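Now for the letters of each chain:
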Amino acid sequence: MRTTLYYFTGTGNSLACARAIAKGLGDTDFVPIASLREEKRIRVPTERVGIVCPVYFYTLPVLVREFIPRLDLSGVKYGFLVATMGGFPGLAVEHGEELFKKAGRELHAGFTVRMFANYVAEYNVRGERSVRAMKARMERRVQRIVAAVQAGERRLEKGGPVDRLLSRAVFALLGRKFVETARTRDRRFTVDPSCVHCGTCAYVCPVENVRLVDGTPQWLGHCEQCFACIHFCPVAAIQVQGKRTRMRGRYQHPDVRADDIAGQRGVS
Ligand SMILES: Cc1cc2nc3c(=O)[nH]c(=O)nc-3n(C[C@H](O)[C@H](O)[C@H](O)COP(=O)(O)O)c2cc1C
Ligand code: SF4
Ligand code: SF4
């Protein structure tokens, strides 16, 4: 069965995962969600559809939350979601299921894949050894996911009842506010004098939310919080105000380049 795989990524984990899934499934069209952000209705041209994206604050990114209900799934026989995350998937699969329902179709399978956690606003990002371990873990998970999708399994990995209860509480406390304020949270981004005016931050932004003024970035208030600008800056000059990001490392998936992140914009 031919598959359309829609993806969104900030630091490459979800893209690496989507590539591995596409390789496993074969016969897959790859479509960046950011390239369709202006489309009102998107007809899925295949019988199988997959969404691969990160978890943000226990849910799916706002871009993805707004994307799924705009899908015309009338020709789709099997839908699946793969959410990459740093260890706390929260309600990502549950929310994916609800969003598919809004689009008038069932989500047949939802999986989470633990990858390198990139939310540098709250913690440091770890070293090379854990990236190697992550790649091996991802390969194993992807094998399982591909087998389940090929078999047409119905399998929603939403966690046990206690996990879900806790996740709902955390989402009510933090996630909901994140969803409401995500786009303007770029107000907290600042630039250090160490900026070398290379323009990489503006180049990588998947939704053209960074403008260079005299070579220095300004954010435009329609941010997806993917953190690509922060992680791809070659001198780590972008900080999140009030957080200790200056002391912390930066992360890019080793198999993903700036061109891949920028390429999500599609033709503009
Ligand atoms: C704004 C933001 C919020 C995040 N929230 C969560 C979270 O709630 N749970 C979690 O496990 N990881 C969280 N993460 C980590 C990412 O989900 C994880 O690193 C993901 O694999 C990144 O995917 P990407 O490289 O495709 O952008 C968050 C990252 C960002 C940038
Ligand atoms: S401004 Fe930065 S964090 Fe916001 S969407 Fe663009 S690259 Fe991602
Ligand atoms: S990527 Fe970093 S160094 Fe380059 S323009 Fe942006 S902030 Fe400055």
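Calculation rules
Residues numbered from 1 in each chain as written. Chains lettered and ligands numbered in written order. Predicted model: local features only at pLDDT ≥ 70, side-chain atom pairs only at ≥ 80, totals over all residues. Heavy atoms only, no water. Pairing = 2+ DSSP bridges. Helix = DSSP H or I, 4+ residues; strand = E, 2+ residues; numbered from the N terminus. Contact = heavy atoms within 4.5 Å. Axes fitted to C-alpha atoms, helices over the stretch in contact; angles between N-to-C directions. Domains from an automatic or database assignment. Buried area = accessible area lost by both parts, 1.4 Å probe. Phe/Tyr/Trp six-rings, centres within 6.5 Å; stacked < 30°, edge-to-face > 60°. Buried < 20%, exposed > 50% of the residue type's maximum accessible area, 1.4 Å probe, protein only. Lys NZ or Arg CZ within 6 Å of the ring centre and 35° of its normal. Near = heavy atom within 4 Å. Nonpolar A, V, L, I, M, F, W, Y, C, P; charged D, E, K, R; others polar.

Side note on the sheet that holds strand β4 (residues 48-54)
Spatially, six strands are ordered β2-β1-β4-β6-β7-β8 in an open sheet, and the strand pairing comes out parallel. Unpaired on one side and paired on the other, β2 (28-32) and β8 (155-156) mark the two borders of the sheet. Both strand β7 (residues 109-114) and β8 contribute to a ladder of two bridges, which runs parallel. Each residue of the ladder has a partner; that of Ala109, found in β8, is Arg155. Contacting β4, β6 (78-85), β7 and β8, helix α3 (residues 92-102) runs over the sheet at an angle of about 150° to β6.

Remarks on the domain arrangement of the protein
Buried accessible area, meaning the area lost when the parts come together, often serves as the stated size of an interface. With domains assigned, the protein is organised as domain 1 (3-164) and domain 2 (182-265). Between the C-alpha centres of domain 1 and domain 2 there is a distance of 23 Å. On the side of domain 2, 33 residues touch domain 1, which itself brings 32 residues to the contact. Carbon and sulfur atoms supply 58% of the area that domain 1 and domain 2 bury against each other, a total of about 2600 Å² over both sides.

Comments concerning the packing of aromatic side chains
Across all of its chains, the model carries eleven aromatic pairs by this definition. Ring centres 5.1 Å apart and planes at 65° place the aromatic pair Tyr6 and Phe67 in the edge-to-face group. Of this pair, Tyr6 sits in strand β1 (residues 3-7) while Phe67 is found in helix α2 (residues 62-67), placing the two residues 61 residues apart along the sequence. Arranged with centres 6.0 Å apart and planes meeting at 85°, the rings of Phe189 and Phe227 form a pair that is edge-to-face. Separated by 38 residues along the polypeptide, Phe189 in strand β9 (residues 189-191) and Phe227 in the loop between β11 (216-219) and α7 (228-232) bring together distant segments of the chain. Accessibility assignment for this pair places Phe189 and Phe227 in one class, buried. A connected cluster of aromatic rings, assembled from ring pairs, spans Tyr56, Phe57, Tyr119, Tyr123, Phe178, Phe189, Trp219 and Phe227. Stacked on the ring of Phe57, the Lys or Arg Arg185 has its end atom at 5.4 Å from the ring centre.

Some details on the site of ligand 2
Within the structure, ligand 2 sits among 14 residues, and Cys205, Cys223, Cys226, Phe227 and Cys229 are positioned closest to it. Looking at the shell around ligand 2 residue by residue, the class counts come to eleven nonpolar, two polar and one charged.

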